Each structure stands twice: as structure tokens, then as C-alpha cells.
Amino acid sequence: MTANALTVRGLRKSFGGRTVLSGFDLDVAPGEVVAVLGANGSGKSTALKCVVGLVRPDAGRAGVFGADLLDGSRAADRARTRVAMVFQQIHLVRRRTALDNVCAGALGRLPLRRSWAPAAFPRELREEAMACLDRVGLADRAHERVAALSGGQQQRVALARALCQRAEVLLADEPVSALDPSAAENVMTVMTDLARTESIAVAAVLHQPELARRHADRLVGLRGGRIVFAGPSADVSQEQVSSLYAVDEEVPA
Ligand SMILES: Nc1ncnc2c1ncn2[C@@H]1O[C@H](COP(=O)(O)OP(=O)(O)OP(=O)(O)O)[C@@H](O)[C@H]1O
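The model shown is predicted, which means the values in this text are computed figures rather than measured ones.

Parameters at a glance
- Residues numbered from 1 in each chain as written.
- Predicted model: local features only at pLDDT ≥ 70, side-chain atom pairs only at ≥ 80, totals over all residues.
- Heavy atoms only, no water.
- Near = heavy atom within 4 Å.
- Polar contact = N/O pair within 3.5 Å; in protein donor to acceptor, adjacent residues only side chain to side chain.
- Areas by Shrake-Rupley, 256 points an atom, 1.4 Å probe, with all protein chains shown as cover.
- Helix = DSSP H or I, 4+ residues; strand = E, 2+ residues; numbered from the N terminus.
- Buried < 20%, exposed > 50% of the residue type's maximum accessible area, 1.4 Å probe, protein only.
- Pairing = 2+ DSSP bridges.
- Axes fitted to C-alpha atoms, helices over the stretch in contact; angles between N-to-C directions.
- Salt bridge = Lys/Arg side-chain N within 4 Å of Asp/Glu carboxyl O.

Caption draft 1: Structural view of the site of the ligand. Close to the ligand lie 13 residues, the nearest being G41, K44, S45, T46 and H207. A distance of 2.8 Å is found between an oxygen atom of the ligand and a backbone nitrogen or oxygen belonging to G41. With respect to the ligand, the side chain of S45 contributes an N or O atom lying 2.8 Å from an oxygen atom. Summarising the interface, the protein chains cover 61% of the accessible area of the ligand, which totals 630 Å² for the free molecule. Those elements that provide at least two residues to the shell around the ligand are β2 (18-28) and α1 (44-51). Examining the composition of the shell around the ligand, we find that three residues originate from one element, α1, more than from any other.

Given below as C-alpha cells:
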């Protein structure tokens, strides 16, 4: 049996006394793609943010190949460099080139943190970053500013940056929500291909159940901060997926 790359157990989180996550568990194996589905406000983003320490959970654990991500130790800081995050709002430096942005993915693993001056990036790193851009089909756009690229291309740059980080786990929070259907399909294809070929464990929050079903190995459904189903994509029924988005009927007084 393959060891899980990402293990999450019992994450809980409340904001101002309101529980938004009550016992979130997740296992993702190397090369596996898991889609997290759920209506607005069901706790999906909070779950991913807790895993990387962007939000401090009230309880629960998360680890990469057994290395704790959340215990506040230096080892946890190091372990977090093994996790990359891709967001809907693309977190790239728009005035820098695609290549510089991809190089920046490696900052956490360079012996000395280098400044943002592009000339400071070592030649080997620039070559590696170029290879990463090539992997997402953007080698020919390497020297263009990110601002000049389309949304789908920018998301592929973000994926190349995660590759250059040599991330073993990729958390993607609505990576294709801002894209048109064809660009969304393309980014999902690139992301799942990277997962398989580079053995990266991917957990992606998605708002498009059909896209999730087509690309993900497993689906996890969240409703009101609780997991209501988790299983292989082919085993999750349409009714289960629809139940995530059903509005609770209120009986008029
Ligand atoms: N920093 C915060 N302070 C207070 N409440 C928060 C905070 N972050 C999230 N919440 C609340 O927690 C709940 C879950 O939010 P979360 O963003 O995790 O949901 P989501 O499933 O990702 O939603 P969406 O699909 O709309 O992005 C929401 O009700 C949200 O308002």
C-alpha cells in the first residue's frame, strides 16, 4: 500500500463561536487527485487554509509523509515547504515575467533567501524553472510579464511555480472558478497530468462537480463543515453531489 502524502485528521474551526469545520479528515496518496466539493460557506477553503497554517485550527492534525505541518516547530515550517497552494485569485507578481514567478517557487528551498532581483536567481534554477514552464506548455511565454497572460495561462504559471517548489502536495482552492469552460478543462488536465507524472498529491476545491468527476480520483463532499461523503469518483452518486447544494427547506410560519 502506498503511504499517503497528505494526512489530515479531525480539523475543527470556529469563527466567533460559529463552527465552520467540524472534524475534517483527508488522505491523499502521491499521484492522486481528490476534489473537495460543497456549497458556498461549507468550509472548503477553511479546511485547505488550516492544512497550510494560513488559518489556525482549533483542533486536528495535518502531515506530509508523517511530518507534522501544524505543531509550530521548525520541522513544521520545513514540512510546509513541501506543500504548494494555488488559489482562484492568482498569487503571482503580475509585473514580473512568468519565468521569474516560477523561480520564486524555489525560494523556500534555496540555502539563502535571495532577493526578488531576477539576476539573483542562479542559472540552474532558471533552467529548472524553464523546464517547469515547458511542462505546462508555456516555455514560449517565459519572458512575458504575467499581466500579459490569460487567466488560464496564469494558472498554469502558478502550477509551474508549484513544480519548481518541488512540492509533494498541491492544494488548489478553486483553481478554475474564474476561467471559461475550455480554459478550466485545460488547467484541470495540466494539473491532473502533473499529479500522475510527478507523483504529486493534489487536493482541489472545485465548484464544478462534473469537472471534478471527470478529473479527480476521489470526491469529498462537505456540507455545513462536515464530510457527508468521501469515495472514488465513480462511486459517488449524482444524488449525493446534488445534496451538497440543496437549500434547506423552511416551513413558513
Ligand atoms: N476569517 C474569517 N472570519 C470569520 N468567518 C470566516 C472567516 N473565514 C471564513 N469564515 C466563514 O466560515 C465559513 C466557511 O468559509 P469558507 O471560505 O471555508 O467556505 P467555502 O466552502 O470555501 O465557501 P466558498 O465556496 O464560498 O468559497 C463561512 O461562513 C465564512 O463566512
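Still to come is the rest of the account.
Caption draft 2: Structural view of the environment of G41. Along the polypeptide, G41 turns up in the loop between β3 (33-37) and α1. Overall, the relative accessible area of 69% leaves G41 in the exposed class. Sequence separation of G41 and L11 is 30 residues, and the distance between their C-alpha atoms is 16 Å.

Caption draft 3: The arrangement of the sheet that holds strand β10 (residues 226-232) in detail. One open sheet holds the six strands; their spatial order is β6-β7-β8-β3-β9-β10, and the pairing between them is mixed. Because the sheet does not close on itself, it has two edges, and the strands there are β6 (83-87) and β10. Sheet twist, expressed as the average angle between the axes of neighbouring strands with direction ignored, equals 15°. Looking at chain direction, β3 and strand β9 (residues 218-223) are connected through four bridges and run parallel. When the sheet's bridge partners are listed, V36 is paired in β9 with V220.

Caption draft 4: Quick look at the environment of T197. Residue position: T197 is located in helix α6 (residues 181-198). In sequence terms T197 and G31 are 166 residues apart; their C-alpha atoms lie 7.3 Å from each other. Of the polar contacts made by the side chain of T197, one reaches the backbone oxygen of D193; its length is 2.8 Å.

Caption draft 5: Structural context of the pattern of salt bridges. In the structure shown here, the tally under the stated rule is 13 salt bridges. With a closest N to O distance of 3.0 Å, D27 and R9 form a salt bridge. Here D27 is found in strand β2, whereas its partner R9 is found in strand β1 (residues 6-15), with 18 residues between them in sequence. On the accessibility criterion, D27 (22% relative accessible area) is partly exposed. What makes R9 partly exposed here is its relative accessible area of 31%. As a salt-bridge pair, E128 and R166 come within 2.9 Å of each other at their nearest N and O atoms. Here R166 lies in the loop between α5 (151-164) and β7 (169-173) and E128 lies in helix α4 (residues 123-135), a separation of 38 residues in the sequence. The partly exposed category is assigned to E128, whose relative accessible area is 21%. Overlapping salt bridges bring together R135, D193 and E198 as one network.

Any functional reading would require information that these geometric values do not contain.
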